[in-house]
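Spelled out from the first residue to the last, the chains are:
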Amino acid sequence: MRITITQRGGLAGDEITLAQVDTATLNPAARKQIEEQVAASMARSRPPADRAIGADLLEYTLTVDDGGDQEKTTWVDDGGAGAQPIKDLITRLQRSEPR
């Protein structure tokens, strides 16, 4: 499973890649934990109609490519708890990336 998280918005509005991990390169325990966290995060995302609107809000997009099947989910960080699952996943993936 290849996982990519990008961020766009804020004052500059540019899109940047925050994390990119191929779980096939991880040890089995880490792979299982990250794949479970990805599934849980995707299940907690809100439909587009429920998202906050604002040009300077940060938007996170989680892209999961699992054997050719690609799924994308987006969160808007409005300062509330709704974006916390994706923020936690970003932290976890950044720690898993090779240095």
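Residues numbered from 1 in each chain as written. Predicted model: local features only at pLDDT ≥ 70, side-chain atom pairs only at ≥ 80, totals over all residues. Heavy atoms only, no water.

Asker: It is not clear to me how the side chain of Thr61 should be interpreted in this structure. Could you clarify?
Answerer: Assignment of secondary structure puts Thr61 in strand S3 (residues 58–66). The exposure class of Thr61 is buried, given its relative accessible area of 14%. In terms of polar contacts, Thr61 uses its side chain to reach the side chain of Thr74, at 3.3 Å. Every residue in contact with Thr61, bar those within four places of it in the chain, is listed here: Thr4, Ile5, Thr6, Lys72, Thr73 and Thr74. (Helix = DSSP H or I, 4+ residues; strand = E, 2+ residues; numbered from the N terminus. Buried < 20%, exposed > 50% of the residue type's maximum accessible area, 1.4 Å probe, protein only. Polar contact = N/O pair within 3.5 Å; in protein donor to acceptor, adjacent residues only side chain to side chain. Contact = heavy atoms within 4.5 Å.)

Asker: What am I meant to see in the nonpolar core here?
Answerer: Side chains that are nonpolar tend, in soluble globular proteins, to be buried together. Ile5, Val38, Leu62, Ile86, Leu89 and Leu93 are the most contacted members of the largest nonpolar core, which totals 19 residues. Elements with a minimum of two residues in this core: strand S1 (2–9), strand S2 (16–22), helix H1 (28–43), S3 and helix H2 (84–96). Apart from the residues lying within four places of it in its own chain, the contact partners of Leu93 are Ile3, Ile5, Ala19, Val21 and Ile34. (Core = buried A, V, L, I, M, F, W, Y, C linked by side-chain atoms within 4.5 Å.)

Asker: Which parts of the structure should I look at to understand the pattern of salt bridges?
Answerer: Side-chain pairs of opposite charge can arise whenever the charged atoms involved come near each other. Counted under the stated rule, the structure contains 4 salt bridges. Linking Arg2 and Asp65 is a salt bridge whose minimum nitrogen-to-oxygen distance equals 2.6 Å. Residue Arg2 is located in strand S1, and its partner Asp65 is located in strand S3; the two are separated by 63 residues in the primary sequence. Judged by its relative accessible area of 47%, Arg2 falls in the partly exposed class. Note that Asp77 is salt-bridged to Lys87, the shortest N-O span being 2.9 Å. A residue pair is termed long-range when its members are at least 10 positions apart, and Asp77 in strand S4 (residues 69–77) and Lys87 in helix H2 qualify at 10 residues. Asp77 sits in the buried class, given a relative accessible area of 12%. (Salt bridge = Lys/Arg side-chain N within 4 Å of Asp/Glu carboxyl O.)

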